[in-house]
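# Structure assessment
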Amino acid sequence: DQQVKQNSPSLSVQEGRISILNCDYTNSMFDYFLWYKKYPAEGPTFLISISSIKDKNEDGRFTVFLNKSAKHLSLHIVPSQPGDSAVYFCAASGGSGGSNYKLTFGKGTLLTVNP
Amino acid sequence: GAVVSQHPSWVICKSGTSVKIECRSLDFQATTMFWYRQFPKQSLMLMATSNEGSKATYEQGVEKDKFLINHASLTLSTLTVTSAHPEDSSFYICSASGLGPEGDTQYFGPGTRLTVL
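As the structure is a computational prediction, the values presented were derived from the model and not from experiment. (Residues numbered from 1 in each chain as written. Chains lettered and ligands numbered in written order. Predicted model: local features only at pLDDT ≥ 70, side-chain atom pairs only at ≥ 80, totals over all residues. Heavy atoms only, no water.)

## As for the pairing of strand β11 (residues 109-114) of chain A
Residues and elements named next belong to chain A. Of the two faces of β11, the one holding T109, L111 and V113 is buried and the one holding L110, T112 and N114 is not buried anywhere. Where strand β2 (residues 10-14) and β11 come together, five bridges link them in parallel fashion. Residue pairing for β11: L11 is matched across the bridge by L111. Relative to β11, strand β9 (residues 86-93) runs antiparallel, the two sharing three bridges. Bridge assignment links A86 to a residue of β11, and that residue is L111. (Buried < 20%, exposed > 50% of the residue type's maximum accessible area, 1.4 Å probe, protein only. Helix = DSSP H or I, 4+ residues; strand = E, 2+ residues; numbered from the N terminus. Pairing = 2+ DSSP bridges.)

## Quick word on the sheet that holds strand β3 (residues 19-25) of chain A
Residue and element names in this part refer to chain A. Spatial strand order, β1-β3-β8-β7-β6: five strands in an open sheet with antiparallel pairing. The open sheet has two edge strands, β1 (4-5) and β6 (56-59), and neither has a second partner. With four bridges connecting them, β6 and strand β7 (residues 62-67) associate as antiparallel partners. If you follow E58 over to β7, its bridge partner there is T63.

## Here's the deal with the layout of surface pockets
Considering only enclosed or pocket space, the largest pocket measures out at about 630 Å³ in volume. As for the largest pocket, its lining consists of 27 residues, and the residues nearest its centre are K102 and T104 of chain A together with M45, L46 and E59 of chain B. Counting residues per element, the ones that place at least two in the lining of the largest pocket are β10 (104-105) of chain A together with β5 (44-51) of chain B. Sort the elements by how many residues they give to the lining of the largest pocket and β5 of chain B lands first, with four residues. Around the second largest pocket sit 22 residues that line it, and V87 of chain A together with Q38, P40, K41 and Q42 of chain B are the ones nearest its centre. Going through the elements one at a time, β9 and β11 of chain A are the ones with two or more residues in the lining of the second largest pocket. Looking at the lining of the second largest pocket, the element that brings in the most residues is β9 of chain A, giving three residues. Among the residues forming the lining of the second largest pocket, the class breakdown is eleven nonpolar, seven polar and four charged. (1 Å grid on protein atoms, 1.4 Å probe; cavity = no way out; pocket = protein on both sides within 12 Å on 5 of 7 lines; lining within 4 Å. Points joined across faces, edges and corners; volume = space filled by probe spheres on them. Nonpolar A, V, L, I, M, F, W, Y, C, P; charged D, E, K, R; others polar.)

Structure below.
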């Protein structure tokens, strides 16, 4: 039973345009959400996170939006750059942001940014 | 630079042998370490949570006698795959939670590719 779902296995965008990556979750106990970027044969790299008490968090080109009522979050990357091409994982935790709480991951979305 | 290292980065072994994978947090102390495995085009699946000095907590369906976890210090956790079989071939990733360069979060290692012949 997938508690964190990323329904788009891949996304292709043009350089300079906006990339929107989506994530849905089913567990109401999740209260902290993270996005990771992963290259092949490497470990995930933390990008940005959001607590359930917020609906938006921004860090440079990356913005995460959270819609609690819809149990949906999205990652916006603008402008997209070729170096952003990677697999993006959405993850959720029930630990209020505590780093020692386990994460539940989605299957990932492969983003390709074309020059 | 990397804040969590894994060794080895890849290993090939014969069926029936045991393989040990090390996970080290660099420059910070990790009270909790997590072990994940990832199959191709799948998500990272949590195998177990390891706290320094205590027994690991395994996720449902993960055999604790097959995947031995030792968290001997605040900077080192090991995963031993005992009597490995071809179906254990996977990408194993650890993460360490603690106060690192990006704040208090989980930091992931680069992963270990295990191939069992």
